[in-house]
Amino acid sequence: MTTINSSKEIQKNNSEVNEKHDDFRMFGLITFLIADGMTFAGFFAAYLTYKAVNPLPDGAIYELELPIPTLNTILLLVSSATFHKAGKALLKDKNPDAQKWLFCTAFLGIIFLICQLFEYFHLPFGLTDNLFASTFYALTGFHGLHVTLGTLMILIIAWQSRINGGRVTSQNMFPLEAVELYWHFVDGIWVILFIILYLL
Amino acid sequence: MTISIDPQKTNNESLQPKGWLRYFSFSLDHKVIGIQYLVCGFLFYLIGGTLASAIRIELASPMSDFMPRDVYNQVLTLHGTIMIFLWIVPVVNGAFGNYLIPFYVGARDMAFPRLNAVAFWLIPPSGLMLVASYFVEGAAQAGWTAYPPLSITTPQSGQIIWIMSVLLLGGSSIFGGINFIATIIKLRRPGLKLMQLPMYCWAMLGTSILVVLSTPVLAGTLILLSFDIIANTGFFNPVLGGNVVVYQHLFWFYSHPAVYIMVLPAFGLVSEILPVHARKPLFGYTTMVFSIMGIVVLGLVVWAHHMFTSGTPPWMRLFFTIATAFIAVPTGIKFFNWVATLWGGKISINSAMLFSCGFIINFVFGGITGVALAQVPFDIHVHDTYFVVAHFHYIVYGGTVFIIFSSIYHWFPKVTGKMLNEKLGILHFIITFIGFNLCFAPQHWLGLNGMPRRVAEYDPQFQFVNQISSLGALLMAISTIPFLINIFLSMRNGQVSGDNPWKALTPEWLTSSPPPVENWEGEAPLVEEPYGYGKQFSEQK
Ligand code: HEM
Ligand SMILES: [Cu+2]
């Protein structure tokens, strides 16, 4: 049957719920990232299946150069660390430091993208050359899109964390934390992508 | 003293238009958005139904010239796409989910009201875009599955619009899914445990998990397909070294779970409706919860039963046959629990109950033919014949659409504060039930005897049975008339229902009808046992 709790208890529980409320925005973001991860999973599955059952004709096999993607992997891993630093600084109300670390992160993201474009221009194959080429560009391109979006968001956050009039502060950490989580996610995907595409 | 479990409601309700106008505005109120989903979906249902009638007119004679052949393919494709992506999925998830879930978890709104509005407002434009492509450039004509290479070789602009539209609808459904998961898990009223939630919450939780895990895969696949069409890549084009079977795997990784995205919420809704009108607690609550989760897990691993004729290796056939057959177990549990809920209840014969019972009957039929189809030799025999068409219409129409109508009869008093006319409702049920079975039951026979699907011409020996089927479709079209009359008349001058006309115990009935903008005056009631009917009776005795 229906029972109604005493209102005092409700109030208590309720204020707890409200205090935790950033939490469930984070929860929503995580759910979204799982969905996003499934898109990549679909691409990976397609790529691996092609590799297994649609072998390329001889002479159409390309060796991918390792230096640039390895550099890119390092760039992204370092950028995850700098982002983390930014969060720490903001938490201590050191906004200028936080901004510096954020710009640093965005800078690393931009370098990543430039390296990726450089790699694209020097690859001996184009998008429509063969199945492997198409999948290669689809995967790295889709990931690059994520990096681009992430970099833009980092720049916005950096702007928003300025001292006077900025909306991202130690009281309002959610935007920074959300973008940070997204950035780590994009990082993680890159590592998987690097292993599957370049090392396997 | 109000409890507010909606930290995000920032829009000033007093600035929102009042009365009917608010249903045409960008409202953040979950109740308004729910109704918007329902009405929008119903309009598309009328379009999709008109297209279905056109198909059945064409099929009423073996060589009819009602439409040119490519128009037939376009109409078929539009019909399937509209019915799935613009009617069933948005309505059974978006409409009822938005309306009911916040009540069921004791919240004043969804977890992310703005995301919710975005999810809804993606639908009308992308749906219109899809329909408009028919008039502008020639609609897609590769069927709702858009299998390559057909979808690559048919005229391209329509196919691209089709892809764009489905991508947007997929986005809408992912946003919705995220919102439902967050609302159910995180926004529950303090003191309300997961195992005290009404069954529809569990169904929506399961459905949303499926949405979040499988819809993105479809999105990725369609992006690759659009590359094949626009940029001439060869992912799925055998001529360029691509692999069509990969498309089928990825497509069905979404589209098999999609049948549960269409039917699990219906399971949830029927579990809400039966106990109320049979005045008995839902039988086997815990088994119901576990069977939903079982269906979710198994639903994700059986997709290849759609591909038995695509050169699937024998071990795969074996695995997917067994996994599919296993789904019959949780589904069977649910079926027996519904019957047990009815058993010995004080059943009131009203329209909601009739449609729910109709659902159970039709669904058993569709389920049994489904298990049959999972058996490889049988599937090879009837693949791409009308047997398949009959099977899935028994599920989607006989199952989900029946429950949509049942739910409308059940919750109309809540939404409007007015009762629907029972006589018209029962008339609606009788015509729908007869029309539906007349339309689709004979198609089993057609399929077993070899009439292929997706064709506009067929062997004259099938003419008579096809005409019966078309007659059934005509009845189904007619059946919407009493329904629409009923809705309009009852909304204008229906009998006033009172807050809780069915004497139900689920939380949405414990507030006024129609509910206030804030869902409750004061605190949300804590309903520890949403189906405590039996108790109530024993206490009364
Ligand atoms: C209003 C009653 C309906 C009638 C009379 C009807 C009739 C038909 C007919 C004759 C076909 C062609 C079958 C073929 O040649 O393969 C068809 C296909 C289809 N219908 Fe319906 N249908 C109805 C409702 C629905 C509903 C509610 C759904 C919801 C999911 C639906 C989903 C589909 C799908 C997915 C296809 C396959 C389209 C394709 O192969 O591309 N139909 N329907
Ligand atoms: Cu299936």
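Residues numbered from 1 in each chain as written. Chains lettered and ligands numbered in written order. Predicted model: local features only at pLDDT ≥ 70, side-chain atom pairs only at ≥ 80, totals over all residues. Heavy atoms only, no water.

If you look chain B up in an unreviewed UniProt entry, it shows as Cytochrome c oxidase subunit 1 from Prochlorococcus marinus. Quoted verbatim from the Pathway (unreviewed entry) heading of the UniProt record, the comment on chain B is "Energy metabolism; oxidative phosphorylation." Under the UniProt heading Catalytic activity (unreviewed entry), the entry covering chain B gives this text: "4 Fe(II)-[cytochrome c] + O2 + 8 H(+)(in) = 4 Fe(III)-[cytochrome c] + 2 H2O + 4 H(+)(out)". (UniProt positions renumbered as here; feature names shortened; annotations may be inferred.)

The name an unreviewed UniProt entry assigns to chain A is Oxidase aa(3) subunit 3, from the organism Prochlorococcus marinus. We quote the UniProt Sequence similarities (unreviewed entry) comment for chain A here in full: "Belongs to the cytochrome c oxidase subunit 3 family."

Peer 1: Requested: an account of the packing of aromatic side chains, with residues and values cited.
Peer 2: Here the distance between the centres and the angle between the planes together describe a pair of aromatic rings. All told, the structure shown has 64 aromatic pairs over all chains when counted by the stated rule. Plain terms: the ring middles of F96 of chain B and W411 of chain B are 6.4 Å apart, the flat faces sit at 40 degrees to each other, and that makes the pair tilted. Within this pair, whereas F96 of chain B is found in helix α2 (residues 69–105), its partner W411 of chain B is found in helix α13 (residues 386–416), the two being separated by 315 residues in sequence. Each member of the pair, F96 of chain B as well as W411 of chain B, is classed as buried. The ring of F174 of chain A has R25 of chain A lying over it, and the distance from NZ or CZ to the ring centre is 4.0 Å. One Lys or Arg, R162 of chain A, reaches over the ring of W159 of chain A and ends 4.1 Å from the middle of that ring. (Phe/Tyr/Trp six-rings, centres within 6.5 Å; stacked < 30°, edge-to-face > 60°. Helix = DSSP H or I, 4+ residues; strand = E, 2+ residues; numbered from the N terminus. Buried < 20%, exposed > 50% of the residue type's maximum accessible area, 1.4 Å probe, protein only. Lys NZ or Arg CZ within 6 Å of the ring centre and 35° of its normal.)

Peer 1: Could you give an account of the nonpolar core, naming the residues involved and the relevant values?
Peer 2: Within the largest apolar cluster, 230 residues are counted, with the highest numbers of intra-cluster contacts made by F136 of chain A together with W87, F96, M199, L225, F359 and F405 of chain B. Looking at which element gives the most residues to this core, the answer is α2 of chain B, with 23 residues. Setting aside anything within four residues of it in sequence, one finds L225 of chain B in contact with A146, P148, S151, I152, I163, F236 and Y247 of chain B. (Core = buried A, V, L, I, M, F, W, Y, C linked by side-chain atoms within 4.5 Å. Contact = heavy atoms within 4.5 Å.)

Peer 1: Describe the side chain of H146 of chain A, naming the residues involved and giving the relevant values.
Peer 2: Within the fold, H146 of chain A resides in helix α5 (residues 131–160). Overall, the relative accessible area of 7% leaves H146 of chain A in the buried class.

Peer 1: Quick rundown of the coordination of the copper ion (ligand 2)? Include the residues and the values.
Peer 2: All names here are of chain B. Donor atoms from the polypeptide that coordinate the copper ion (ligand 2) comprise H256 (ND1), H305 (NE2) and H306 (NE2), at 1.7 to 2.0 Å from the metal. Read in sequence order, the donor residues coordinating the copper ion (ligand 2) give the pattern H-x48-H-H. Of this pair, H256 sits in helix α8 (residues 244–278) while H305 sits in the loop between α9 (285–299) and α10 (314–342), and the two are 49 residues apart along the sequence. Neither residue differs from the other here; H256 and H305 are each classed as buried. (Donors = N, O, S within 2.8 Å, 3.2 Å for Na, K, Ca; no water.)

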